[in-house]
Amino acid sequence: MGGNRMRMKFLASIVATTMLAGTAFAENLRIGVEGNYPPFSVVAPDGTLSGFDIDIANAICAKLKKNCVMVQQEWDGMIPALNAKKFDIIVASMTINEKRKKVVDFSNPYYDVPSRWVARKGDYKSWSPEELKGKTIIVLRNSPRAEYVAKNYPDSTVLAVDKEPAVYLELAAGRGDIAFGSSVVSAESFLKKPEGKDFEQVGDTLFLGEDADGGVGIAVRKSDGALREEVNAALSSIMSDGTYKQMSGKYFDFDVTPQSAKK
């Protein structure tokens with residue numbers, strides 16, 4: 001009898017340990033981040049991640065009561081890595097567009113920042129396809145901006161680079177005539193620094209989202225509809241309780257709230 005009781009206690013302890021381990025695993029949310037896109041995602045020399053995307057990711061984890069596990073990933077491999085289950089969601093300033101929606105699903109937009117042209121001061125009064133015919137346009141590879149340039153500036157040469165900050169480094173080095181990128185990144189990472197003193201933003205601001213509301217969303221696998229709804233609920237809560245306004249105010253002096261969240 002005593003032996004049976006001991007065996008029952010032993011089996012119960014194994015079940016309890018297994019359940020606890022399963023609970024701990026379930027509380028982790030693995031998030032794909034890029035780390036080289038200031039002020040949205042930056043890696044310090046000690047490996048610490050910071051930026052608006054990182055704050056959003058941490059806020060979502062807090063709302064969902066899950067542990068954030070940040071997984072750095074090169075931009076070009078983001079979607080393949082998500083679908084290979086290297087992480088659960090992508091929080092990396094990914095613009096929602098029809099091409100990407102064929103392979104992943106998106107949350108509601110969590111911010112929207114316009115694109116801007118950047119060139120040496122006084123070089124361009126127009127940024128029309130005719131004005132830029134034969135010119136070299138620098139843009140981020142595999143981005144909505146690259147698609148926009150390819151579609152609307154067929155007579156221009158395109159220099160595609162792997163990182164958004166590199167767009168402006170190439171421009172400063174004279175390897176292109178004009179750059180097309182994020183209005184925030186060009187201002188914060190280039191124009192406000194000594195290397196950008198001879199350059200300026202030119203032209204109108206452009207919102208490139210293909211959805212009615214456009215904007216940047218959080219990518220999830222198409223099989224993870226429940227997780228997508230959880231993320232949307234967390235985003236809604238962040239935007240309604242003041243958390244979003246507080247976080248965005250650390251990085252931007254203008255409103256980046258997507259139109260869909262203002263309705």
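Here we summarise the structure given alongside this text. All values derive from a computational prediction rather than experimental measurement.

1. Structural notes on unusual backbone geometry
At step 1: In this chain, P38 is followed by P39 through a cis amide linkage whose omega measures 0°.
At step 2: Phi at S93 takes a positive value of approximately 55°, unusual for a residue other than glycine.
At step 3: Its place among the elements puts S93 in strand β6 (residues 89-95).
At step 4: At N142, a position not held by glycine, the phi torsion is positive, near 55°.
At step 5: Within the secondary structure, N142 sits in the loop between β9 (136-140) and α5 (144-152).

2. Side note on the environment of T257
At step 1: Here T257 lies in the loop between α9 (243-249) and α10 (259-262).
At step 2: Through-space distance from the C-alpha of T257 to that of Y110 is 6.8 Å; in sequence the pair is 147 residues apart.
At step 3: Polar contacts involving the side chain of T257 include one to the side chain of D255, which spans 2.6 Å.

3. Some details on the state of the cysteines
At step 1: Under the criterion given, the structure shown has one disulfide.
At step 2: Through a disulfide, C61 is tied to C68; the S-S separation comes to 2.1 Å. Judged by the torsion about the S-S bond (95°), the C61/C68 disulfide is right-handed.
At step 3: Looking at C68, the relative accessible area reads 25%, which means it is partly exposed.

4. Thoughts on the pattern of salt bridges
At step 1: Within the structure shown, the criterion is met by 16 salt bridges.
At step 2: With a closest N to O distance of 2.8 Å, K250 and D55 form a salt bridge. Taken together, the positions of K250 in the loop between α9 and α10 and D55 in helix α2 (residues 52-64) put the pair 195 residues apart, joining distant regions of the chain.
At step 3: The class of K250 is exposed, set by a relative accessible area of 56%.
At step 4: A relative accessible area of 16% places D55 in the buried class.

5. Some thoughts on the nonpolar core
What tends to happen in soluble globular proteins is that the nonpolar side chains get buried as a cluster.
At step 1: Counting residues in each nonpolar core, the largest one holds 43 residues, and the members touching the most others are F40, F52, I56, I60, Y110, Y111 and I218.
At step 2: For this core, the secondary-structure elements that each account for two or more residues are β1 (28-33), α2, β6, α6 (164-172), α7 (183-191), β13 (216-220), α8 (225-240) and α9.
At step 3: Among the elements that make up this core, the one with the highest residue count is α2 (eight residues).
At step 4: Here F40 is in contact with S50, G51, F52, D53, I54, S93, Y111, V113, V184, V185 and F252, once residues within four sequence places are set aside.
At step 5: Counting residues in hydrophobic clusters, the runner-up holds 14 residues, among them I79, A81, F87 and I96.

6. Things to note about the environment of S189
At step 1: Considering the arrangement of structural elements, one finds S189 in helix α7.
At step 2: S189 sits 23 residues away from A166 along the chain, and the two C-alpha atoms are 9.9 Å apart.
At step 3: If we skip the residues at most four places from it in the chain, S189 touches P38 and V184.

So, how was this worked out
Counting of residues starts from 1 at the beginning of each chain's written sequence and follows it residue by residue. Totals for whole chains, interfaces and linings use every residue, but because this is a predicted model, local features are given only for residues with pLDDT of at least 70 and side-chain atom pairs only at 80 or more, for both listing and counting. Side-chain figures throughout are based on the complete set of non-hydrogen atoms in the structure, without hydrogens or water. The helix count covers DSSP runs of H or I at least four residues long, the strand count covers runs of E at least two residues long, and both are numbered beginning at the N terminus. Any N or O atom pair separated by 3.5 Å or less is treated as a polar contact, with the protein-specific requirement of one donor-capable and one acceptor-capable atom, and with residues adjacent in sequence counted only for side-chain atom pairs. Sulfur atoms of two cysteines make up a disulfide when they are within 2.5 Å. Under the scheme applied here, a residue whose accessible area is under 20% of the maximum for its type counts as buried, over 50% as exposed, and between as partly exposed, the area being computed with a 1.4 Å probe on protein chains only. By definition, a salt bridge exists where a carboxyl oxygen of Asp or Glu is found within 4 Å of a side-chain nitrogen of Lys or Arg. As used here, the term nonpolar core means buried Ala, Val, Leu, Ile, Met, Phe, Trp, Tyr and Cys residues forming a set that is joined through side-chain atoms within 4.5 Å. Throughout, a residue-residue contact means that at least one pair of heavy atoms, one from each residue, lies within 4.5 Å.

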